[in-house]
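# Topology and contacts: notes
What follows is the residue order along each chain.
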Amino acid sequence: MKNDKKELFETMPVGKALLTMAIPTIISQLITMIYNLADTFFIGMSNDPYKVAAASVVGVLFFMLNSLANLFGVGGGSLLSRLLGEKREEEARRVGAFSIYGSLVVAGIYSLICLLFTEPLARLLGASDNTVGYASSYLFWVVVVGGIPSTMGLTMSHLLRSAGYSKESGIGLAIGGISNIILDPLFMFVLLPSGNEVTGAALATTLSNTITLTYFLFTYYKLRGKTVLSISPKCVHLEKKLIIGILSIGLPSALTALLANITSIVKNNLTAGYGDIELAAYGIVMKADMLPLNIGMGLCQGMMPLVAYNYAAKNYPRMKRFTKVAQIAGMATACVFIVLFEVFASQIIWIFIRDEATISYGTKFLRIACLATPFMISNFQKIYCLQAMGMGKESLILGVCRQGLFAIPILLLLNHFVGLYGVVTAQLLSDGITFVFSTIIYRRVYHNLQKEMPA
């Protein structure tokens, strides 16, 4: 590994190292979020809630690709950073190559399934007779056609960051995001005839993700010989224990993301029961709420390789300082956005659509949903720290509790007893309960590590 990356992991001041890793990641997360919002924004310019609702419904299947990328990107990335901390660079090289080709295979299988069951899947997710045509078109282009480049690009981004190349990782995602923002209006309002805005947005997204993958392939080629990262098939062979090491973290991470998508499916179906306008409003709120969450996720992703490396190197005091600084930054971010969303909720919804009924619902929804932000960011940080330390079982427990054990039952109960606003409030309650549970597990892990730390 290059000396400048060794300095980043081992000797650079904690705040500077975290900023070096987190800032490019946060910027790329924000640009990625903007291009996700761009679809909703430009589709919303049609002032057709059915089109907005359609994109929101099948967007869940598009984000399912994140689960597949987490399987090998987070699992392989965590192990890669720990192997570097233990100076086992050849094994780290094999882990990286295996992760890339693994993501290629699983993305291809997922895309084929979506091709065979496009309309049934759209119906399952809550598409109505008014929205199923738009939803099926969006699903075909962003998942069936674009699934492989999207998944591979995200996986390669995780692996670059895990090896200390956060800037290169961020640039790749940013290029894709900027491309999508430019291509969206081009496809939606220039190249395709009126009425095809949803298809145009999907085409723009797929092409943008392909551009991102192309950049990462070029970056890997440029860094060959300078880093442990490789796309050579010759490096794919792995020992059984390394495959288990990838999957022990990757599977919990993928399952957590999968459960998050299942929770979104349940939310969409419950909200759709109240009408397409309500579904469109909640879809916009979930997009807007991505802003603080993406900053928090960028902070977590920037922190994770630093924690993993120092954990493997048994430099526990330095590892603990990284987690503490990240926690402070995350809570500050959450508080700022709660204030902004409470004060400017209606203006934020207005950016996406001019329909008065949708704005009215969206304003109320956003003011409730934003209150969950501190708990969400804190829970994500704890899960990422556990993944960085290779503690798959503990991270799995927290992920399952947050999205499966707590979120879905709470959604169903509040929908039954409270109604529409119960669905909106469910995230706040489930993340609040998870926060208490995650804090107990997290402190127990650190208590055990404390015994090995110098006084």
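Residues numbered from 1 in each chain as written. Predicted model: local features only at pLDDT ≥ 70, side-chain atom pairs only at ≥ 80, totals over all residues. Heavy atoms only, no water.

It is worth spelling out the environment of threonine 263 at this point. Among the secondary structure elements, threonine 263 is positioned in helix 10 (residues 240-272). It is 18 Å that separates the C-alpha atoms of threonine 263 and serine 395, two residues lying 132 residues apart in sequence. Aside from chain neighbours lying at most four places away, what touches threonine 263 is Gln403, Ala407, Ile408 and Leu411. (Helix = DSSP H or I, 4+ residues; strand = E, 2+ residues; numbered from the N terminus. Contact = heavy atoms within 4.5 Å.)

Although it is not a glycine, lysine 87 sits at a positive phi angle of roughly 65°. Note on placement: lysine 87 falls in the loop between helix 3 (49-85) and helix 4 (89-116). Judged by relative accessible area, which is 47%, lysine 87 ranks as partly exposed. With a phi close to 60°, lysine 314 is a non-glycine residue in the positive phi region. Inspection of the secondary structure assignment puts lysine 314 in the loop between helix 12 (290-312) and helix 13 (316-352). (Buried < 20%, exposed > 50% of the residue type's maximum accessible area, 1.4 Å probe, protein only.)

Before going further, it helps to spend a moment on the packing of aromatic side chains. All told, the structure shown has 11 aromatic pairs when counted by the stated rule. For the pair phenylalanine 337 and phenylalanine 341, a centre-to-centre distance of 5.9 Å together with 55° between the ring planes defines the contact as tilted. Of the two residues, phenylalanine 337 and phenylalanine 341 both sit in helix 13, four residues apart, roughly one turn of that helix. In terms of burial, phenylalanine 337 and phenylalanine 341 fall into one category: buried. Chaining the aromatic ring pairs together yields one cluster made of Tyr282, Tyr361, Phe365 and Tyr421. (Phe/Tyr/Trp six-rings, centres within 6.5 Å; stacked < 30°, edge-to-face > 60°.)

Turning our attention to the nonpolar core. Judged by nonpolar contacts, the single largest core of 122 residues is most densely connected at Val58, Leu80, Tyr110, Met319, Leu366 and Met389. Dropping the residues within four chain positions of it, leucine 80 is found in contact with Ala92, Val95, Gly96, Leu159, Ser162, Ala163, Val228 and Leu229. Core analysis: the second largest hydrophobic core is formed by 10 residues, Val266, Ile410, Leu411 and Ala426 among them. (Core = buried A, V, L, I, M, F, W, Y, C linked by side-chain atoms within 4.5 Å.)

The next point concerns the state of the cysteines. Taken as a whole, this structure holds zero disulfides when the rule is applied. With no disulfide partner, cysteine 335 has as its closest neighbouring cysteine sulfur the one in cysteine 370, 11 Å distant. (Disulfide = S-S within 2.5 Å.)

Note that all results are geometric; they support no functional claim without further evidence.
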